Amino acid sequence: MNKVTIVGGGLAGMIAALRLSQRGCAVTLLEAENQLGGQASAQTHDGHATDHSYHIFPPWYANAWALIAELRIGDNFTPSPNFSQLRKGQFPRFTTMRNMTSPWNAIGNIFSGGMPPSQMVLFFYAILDLMSQPYHRRAALDQVSVTGFLRSRWYRTEAAAAQMHDLVLKGLSTPLYGLSAMTMQTTMRYWVWHGRPSLHLTRTNLQDAWIKPIERALRASGCEIRLETRLTGVTPLNGRIDRITLQAASGQTVEETVETLILALPVGVVTELIDDRLYEAAPELGRLHMLDTLPMAAFDLVLDRKIQGLPSGIVSLYDSGLALSFVDLSQTWGLETTALSFVVGDIQALTGLSDDLVSARILEELTAYLPAIAEARIVYQRLQTHRDQPLFMNYVGAWAFRPEAATQLSNLFLAGDYCRSFVDLVTQEAALVSGLEAAEAVRAHLKLAKPVEIRRPSTPPRWVWTVVKILLAPVALIARVAACFHR
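Residues numbered from 1 in each chain as written. Predicted model: local features only at pLDDT ≥ 70, side-chain atom pairs only at ≥ 80, totals over all residues. Heavy atoms only, no water.

A.B. asks: For this particular structure, what's the right way to read the pairing of strand β6 (residues 82-86)?
C.D. replies: Two faces make up the sheet, and in a regular strand the side chains alternate between them. The buried fraction of β6 is high, at five of five residues. Burial along β6 is two-sided: Asn 82, Ser 84 and Leu 86 and Phe 83 and Gln 85, pointing in opposite directions, are all buried. Across four bridges, β6 lies against strand β7 (residues 95-98) in antiparallel orientation. Paired with Ser 84 across the two strands is Thr 96, which belongs to β7. Bridge analysis of β6 against strand β16 (residues 314-317) gives four bridges, and the strand direction is parallel. By the bridge assignment for β16, Leu 86 is matched with Leu 317. (Buried < 20%, exposed > 50% of the residue type's maximum accessible area, 1.4 Å probe, protein only. Helix = DSSP H or I, 4+ residues; strand = E, 2+ residues; numbered from the N terminus. Pairing = 2+ DSSP bridges.)

Structure representation (structure tokens):
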């Protein structure tokens, strides 16, 4: 029987383990923490379940939804079409866009009140323009940021650029000035074509709704799962990985030989494993050091009462210094009091500060937007800085350094959202696709039957976006002139 060792129990490692177990491999899945899930996990503290951060499931996540259907857990998810914004000092006057990326909701969203209609037209036209750029420009687009792309366009306005920056920083946790225009183009093509409903949220915490069902399928497939087992070294020999060094929770260190190895670990963890021997055996792994990562913090807040007037779905605090956005879990999880799950999209300015001071700074900004928080009693709060779990950033030029699943070592394969895939953007779907691609590379390497299915979301040909852009150019021109009167 073919033996496969997979290190990393996040989504990439879990799906790779599941697909290879289903094909008759003897799979051992190793995870350093005390549970599976990685950055899609949830933990319970003081009786409160808190996700790693709130996670979304857009309809273009073709492989995630295929897995959800396979596991028969569709009832664990609920549509969430609304995206709301709140400006400082305007609570409870939210502006809400419904199915924001859907062309069928464009007219209503243009007049949603977030910005003057002329600026909203230019905001949506910028997305359309980027989507229409030809395929042969992909390399060039990867060398320019979204900000750089917008600055080069005739219709640009500061208000539309600010709206784009706010949404991207909240939704993708990457500053607009650093995000690759190629990545943004790919993402928007998927999201616009599959825009209704714009996303789903889970009806309970991610561990119960998403991770545990996958774990049950893994155990049923015969996969061996070993928790609290940390990889500390890999030893190459004769063009392959010969053995790995593992450390148990007790601190005991052991070496184990491997036949086939998948590293489904964050890129920062993989680079820590690259020593002289590994680099000499596979020099291309050194290119992983060129990839950038940043932590994306989360903040959880449970109050003793309901805050009235909060909309459902994702709420963005417009022009927030910390790029705060949140979901009111009481509306999706059925809780009796308000429980808010925040993503802190830009925490760099607070680097090096104590958790207490960071929490105080977050609460200070929150109460400026949501004064009702100051009137309630905080039952529970938790800051998750994730300093030890930074995310790969889709920065300009990163594509050239991102690896494929197969490596220069015959039995070593990589999986993780930093790997190259048609998804491109760091998401749960990217993690799943990378795990599927690693499983397929192993299947081909071992000459097993039944290829691993990898689903790619459909999109129309580029000329469709180009024709629409040309037809709407006069509208954009009128909007650009009108925008001059709204400065």
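A.B. asks: Can you walk me through helix α4 (residues 117-131) in this structure?
C.D. replies: Turn by turn, an α-helix covers 3.6 residues, leaving residues three or four places apart pointing in a common direction. Taking 1.5 Å per residue as the helical rise, α4 with its 15 residues ought to reach 21 Å, and the 21 Å between its terminal C-alpha atoms agrees with that figure. Most of α4 sits inside the fold, with 14 of its 15 residues counted as buried. (Expected span 1.5 Å × (residues − 1).)

A.B. asks: How should I be thinking about the nonpolar core in this particular structure?
C.D. replies: Soluble globular proteins: nonpolar side chains tend toward being buried together. Counting 134 residues, the largest nonpolar core has Trp 210 and Ile 262 as the members making the most contacts within it. In terms of residue count, the dominant contributor to this core is α4 (11 residues). In this view, Ile 262 contacts Val 4, Thr 5, Ile 6, Val 7, Ala 16, Leu 20, Phe 413, Ala 415, Ala 438 and Val 442; residues no more than four positions away in its chain are not counted. (Core = buried A, V, L, I, M, F, W, Y, C linked by side-chain atoms within 4.5 Å. Contact = heavy atoms within 4.5 Å.)

A.B. asks: Is there a simple way to think about the side chain of Lys 469 in this case?
C.D. replies: Assignment of secondary structure puts Lys 469 in helix α16 (residues 462-483). On the basis of relative accessibility, which here comes to 18%, the residue Lys 469 falls in the buried class. A distance of 3.1 Å separates the side chain of Lys 469 from the side chain of Asp 129, its partner in a polar contact. (Polar contact = N/O pair within 3.5 Å; in protein donor to acceptor, adjacent residues only side chain to side chain.)

A.B. asks: Mind showing me how you'd approach the pattern of salt bridges here?
C.D. replies: Side chains that differ in charge, positive against negative, can pair when their charged atoms come close. The tally for this structure, following the rule as stated, stands at 18 salt bridges. A salt bridge links Arg 151 to Glu 158; the shortest N-O distance between them is 2.6 Å. Relative accessible area serves as the criterion here: at 52%, Glu 158 is assigned to the exposed category. A salt bridge links Asp 242 to Arg 243; the shortest N-O distance between them is 3.1 Å. Arg 243 sits in the partly exposed class, given a relative accessible area of 26%. (Salt bridge = Lys/Arg side-chain N within 4 Å of Asp/Glu carboxyl O.)

A.B. asks: Looking at this structure, how should I read a nonpolar patch on the surface?
C.D. replies: A cluster of nonpolar residues, Trp 463, Val 467, Val 468, Leu 471, Leu 472 and Val 475, forms a patch on the protein surface that exposes about 550 Å² of accessible area. Secondary-structure assignment places Leu 472 in helix α16. (Patch = residues over 30% accessible without salt bridge, like charges linked within 9 Å, V, L, I, M, F, W, Y side chains within 5 Å. Areas by Shrake-Rupley, 256 points an atom, 1.4 Å probe, with all protein chains shown as cover.)

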